[in-house]
Number of protein chains: 2
Amino acid sequence: MRDATLRDVAQLAGVSARTVSNVVNGYARVTERTRVKVERAIVELDYRPNVLARNLANGRSGQIAVVVPYLDTPYFAELLQGIIPRARERGYNVLIDQTDGDPVHERELIRRGARGFAFDGMILSPLGLAQADLSDHDASLPLVILGERTSASTFDHVGIDDVQASREATRHLLDLGRRRIAAIGDQPYPTGEAAQLRTRGYRLAHEDAGLAVDESLVIGTPRFNRADGAGAMTLLLDRDDPPDAAFCYSDLVALGALHAALERGLRVPEDIALIGYDDIEEGRYSNPTISTISPDKTAIAATAVDRLLQRIGSTEPLPGIEVRATHRLVARQSTVGRLRG
Amino acid sequence: MRDATLRDVAQLAGVSARTVSNVVNGYARVTERTRVKVERAIVELDYRPNVLARNLANGRSGQIAVVVPYLDTPYFAELLQGIIPRARERGYNVLIDQTDGDPVHERELIRRGARGFAFDGMILSPLGLAQADLSDHDASLPLVILGERTSASTFDHVGIDDVQASREATRHLLDLGRRRIAAIGDQPYPTGEAAQLRTRGYRLAHEDAGLAVDESLVIGTPRFNRADGAGAMTLLLDRDDPPDAAFCYSDLVALGALHAALERGLRVPEDIALIGYDDIEEGRYSNPTISTISPDKTAIAATAVDRLLQRIGSTEPLPGIEVRATHRLVARQSTVGRLRG
């Protein structure tokens, strides 16, 4: 018996070949009723579309890659939950990879992408590679970068205004009367660009208030995770002049710092107030809950996918644009206490 | 100028064509030095291997799918961090999808996989589909299920001994003198199979101790997340006869329950002791830290990948096997208090 063809399926289901193709490719614009009819016909005829052959013909893989430094970072997990369904609605599967912040691995992935290995475009949260490094790379790979743009580039950036958000977070602590505010999460140039934007906002808030920054309170950390936050807080609390507040560059850093402070028997926020960044769910259930900068993650995920598919679909190179999603400061127990939190 | 071939790259790099192929495919058994040599030659010659054509020839996509109910579940994020590098070492990319526990979506993904749409095999954590449903499906898809086997099947299962682990967790609470122990996370047959194994262990521990289970303390939750844990604990604490301990079916459930208990002004573990399941990092930084059942996630991830690739590589169907990774009980502050925790 010869293998069933797309046309056989269309005939049995009583729909056009294009409709069968839409169902097979997972495109959204098919009614549930039609989809079921087509799927029944596919099963009945044991039709096996040759996706590889089809992709070979149109030169597309029907896949996009999302590459983040660490998959166990809740912020990225929450973003992925917006990215995956959005891509699926548009007929794309999502390949995921993590780079461990390794610039060699980031470069390798971009190179593979540019050579049409397995995906048609990439959403990348770079950590090891500075933006200037990225600019050197093959412009033929449709690329959307998560995070604010710090230099001119040929790809798109989707993020929030990190400097402004960090300025607001620090001002919130100053408004509460705190005067020895640590900044936990600084990272050196050139790869720590996201961190540097946050340090800049921290400095600007002090300038706004006419206060000098005590440079010894600006603490570098290798990553933005719980262990980094706990380690930095322990060092700060060992000092003769510990801080009375900390602006932490991620909620994970704040949660680690909180843990270290409570283990020392300190009260949060009475003895030390803490604010984080990212608004991950964990910070809404911690004890106390964590004040934070909340980026509009839904908008960031949707914009990153839409913009990437626009680049993939475009026959000529598009200029790199920067999209800034909104953010808001959410004051919870770690700064304003249990009564108001 | 004609396009560069694999042979051109091999000649320039001074290696065999097979070595170039290994580098292009990302296989592990290439030294760093050779890899760099080959990559330099690839860049110099602007060689673009046609992966799609190659896959068409061997009928493989070089991809595996990992399908979980919810990507923002830290347990899965931590497992993925083991799965992705293991697969990459073996030359496979990892496609990720989440099903939201929707049986229609789970079924659809398996069907697509069986028809060779985009991946060669699948590691699945089913939630909406019962194992009996899965058994109906196309046996031609190499499939590894995360979680204990509850019925005979043609695919592999990788998990821990859930009944035994749950029995140990409950016994730990009984050993501390607790007598009104809630079970939070029960789910109804047939889809809540993982939950039912845990309830069975909870019951067995009571039997072992010669104690009756108060059925009103076995609490069902729709998912295993923070909100479920907080909601269940709030209901339990509203009762005239609240529990003095809770065995929570995930760390997230325990973290939600902890939050609700502390918001009520209760002391943990003095007023109510809590133990979770999964040993996610969050439970090591919460205040108090969370006692838990710690599965050997590294072994689960590695075994799932290795077994799947074995199934993919096998020319004939392999029998379904069950692999049980080890687990251990980790007693932290939420059961034994700060002094010992």
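Preceding this paragraph is the structure being described.
In this report, the structure presented in the accompanying data block is examined. Counting from 1, residues in each chain are numbered in the order their sequence is written. Whichever chain is written first is A, and whichever ligand is written first is 1; the rest continue in order. In keeping with the predicted nature of the model, local features appear solely for residues at pLDDT of at least 70, side-chain atom pairs appear and are counted solely at 80 or more, and the whole-chain, interface and lining totals rest on all residues. To obtain the side-chain values, all non-hydrogen atoms of the structure were used and water was disregarded.

**Brief notes about the sheet that holds strand β7 (residues 218–220) of chain A**
All names here are of chain A. At least two bridges found by DSSP between two strands are what make those strands a pair. Strands are runs of DSSP state E lasting at least 2 residues, helices are runs of H or I lasting at least 4, and numbering of each runs from the N terminus. The strand order across the open sheet formed by four strands is β7-β6-β8-β9, and the pairing between neighbours is parallel. Where the open sheet ends on each side, the last strands, each with one partner, are β7 and β9 (273–275). When the angles between neighbouring strand axes are averaged without regard to direction, this sheet yields 20 degrees. Helix α9 (residues 193–208) contacts β6 (181–186), β7 and β8 (245–248) of the sheet and is inclined by roughly 165 degrees relative to β6. Sheet strands in contact with helix α11 (residues 251–263) are β6, β8 and β9, and its direction is about 160 degrees off that of β9. Interaxial angle, 0 to 180 degrees, is taken between N-to-C directions of lines fitted to C-alpha atoms, where a helix line uses only the stretch in contact. Should any heavy atoms of two residues lie within 4.5 Å, those residues are considered in contact.

**Things to note about the sheet that holds strand β6 (residues 181–186) of chain B**
Residue and element names in this part refer to chain B. Taken in spatial order, the four strands of this open sheet run β7-β6-β8-β9, and their pairing is parallel. Strands at the two margins of the open sheet, each flanked by one partner only, are β7 (218–220) and β9 (273–275). Between one strand axis and the next, the sheet turns through 20 degrees on average, direction left out of account. Sheet topology note: the strand β8 (residues 245–248)/β9 ladder contains three bridges and is parallel.

**Describing the pattern of salt bridges**
For this document, the term salt bridge refers to a Lys or Arg side-chain nitrogen within 4 Å of an Asp or Glu carboxyl oxygen. For the coordinates displayed, the defined rule picks out 42 salt bridges over all chains. The closest approach of N and O atoms between R311 of chain A and D156 of chain A, which form a salt bridge, is 2.7 Å. Of the two residues, R311 of chain A is situated in helix α13 (residues 297–313) and D156 of chain A in strand β5 (residues 156–159); the sequence distance between them amounts to 155 residues. Notably, a salt bridge pairs E215 of chain B with R203 of chain B, separated by 2.7 Å at the nearest N-O pair. With E215 of chain B in the loop between α9 (193–208) and β7 and R203 of chain B in helix α9, the pair connects residues that are twelve residues apart, well separated along the chain. Relative accessibility decides the category of a residue: with a 1.4 Å probe and only protein chains considered, values under 20% of the type maximum give buried, values over 50% give exposed, and everything between is partly exposed. Residue classification places E215 of chain B among the partly exposed positions, given a relative accessible area of 47%. Here R203 of chain B falls in the partly exposed class, since its relative accessible area comes to 30%. Salt bridges sharing common partners tie together R180, D214, R239 and D241 of chain A.

**Observations concerning the packing of aromatic side chains**
Aromatic rings from Phe, Tyr and Trp, with only the six-membered ring used for Trp, were paired whenever their centres fell within 6.5 Å, and each pair was classed as stacked if the ring planes differed by under 30 degrees, edge-to-face if by over 60, and tilted otherwise. Tallied over the full model, the rule gives eight aromatic pairs over all chains. A ring pair is formed by F247 of chain A and Y277 of chain A, whose centres lie 6.3 Å apart and whose planes are at 50 degrees; its orientation type is tilted. Of this pair, F247 of chain A sits in strand β8 while Y277 of chain A sits in the loop between β9 and α12 (282–285), and the two are 30 residues apart along the sequence. In this structure F247 of chain A comes out as buried when scored by relative accessible area, which is 0%. On the basis of an interplanar angle of 45 degrees and a centroid distance of 5.1 Å, the ring pair of F247 of chain B and Y249 of chain B is categorised as tilted. Across the pair, exposure class does not vary: F247 of chain B and Y249 of chain B are buried alike.

**Observations regarding the environment of R40 of chain A**
By the element assignment, R40 of chain A lies in helix α3 (residues 32–45). Each C-alpha atom, one on R40 of chain A and one on A13 of chain A, is 7.9 Å from the other, the two residues being 27 residues apart in sequence.

**A short note on the environment of L255 of chain A**
Tracing the sequence through the fold places L255 of chain A in helix α11. For L255 of chain A and G276 of chain A, which are 21 residues apart along the polypeptide, the C-alpha to C-alpha distance reads 8.1 Å. Each residue touching L255 of chain A, except ones within four places of it in the same chain, is listed here: I280, E282, G283, S286 and I290 of chain A together with Y285 of chain B.

**Some remarks on helix α13 (residues 297–313) of chain B**
Every α-helix winds through 3.6 residues per turn, so residues three or four apart in the chain are directed the same way. All names here are of chain B. Over its 17 residues, α13 runs 24 Å from end to end, which matches the ideal 24 Å to within 8%, given 1.5 Å per residue. If you check which residues of α13 are buried, you get K297, I300, A301, A302, A304, V305, R307, L308, L309, R311 and I312. In this structure, the buried side of α13 is in contact with β1 (63–68), α5 (74–89), β3 (121–124), β4 (143–146), β5 (156–159) and β10 (292–295). Under the convention used throughout, the expected extent of a helix is 1.5 Å for every residue step, that is, one less than its residue count.

**Overview of the packing of helix α10 (residues 226–237) of chain B against helix α11 (residues 251–263) of chain B**
Residue and element names in this part refer to chain B. The N-to-C vectors of α10 and α11 enclose an angle of 45 degrees; their axes lie 6 Å apart at closest approach. Here α10 is positioned oblique relative to α11, judged by the angle of their axes. For the pair α10 and α11, the crossing hand works out as right-handed. Where α10 approaches α11, its residues R226, G229, A230, M233, T234 and L237 are matched on the opposing element by L252, V253, G256, A257, A260 and A261. Residues belonging to the contact of α10 with α11 are distributed by class as follows: eight nonpolar, three polar and one charged. Should an angle fall under 35 degrees it is called roughly parallel, over 145 degrees roughly antiparallel, and 65 to 115 degrees roughly perpendicular, with every other angle called oblique. Crossing handedness follows the turn of the near helix against the far one: under a right angle anticlockwise gives a left-handed crossing, and clockwise gives a right-handed one. For this classification, Asp, Glu, Lys and Arg are treated as charged, while Ala, Val, Leu, Ile, Met, Phe, Trp, Tyr, Cys and Pro are nonpolar and the rest, including Gly, are polar.

**Let's talk about the pairing of β4 of chain B**
All names here are of chain B. Every second residue of β4 is oriented toward a common face, with L143 and I145 on one face and V144 and L146 on the other, all of them buried. Pairing of β3 with β4 involves three bridges; the strand directions are parallel. Paired with L124 across the bridge in β4 is I145. Inspection of the sheet shows β4 paired to β5 by three bridges, in the parallel sense. Note that in β5 the partner of I145 across the bridge is H157.

These results come straight from atomic positions and should not be treated as a statement about function.
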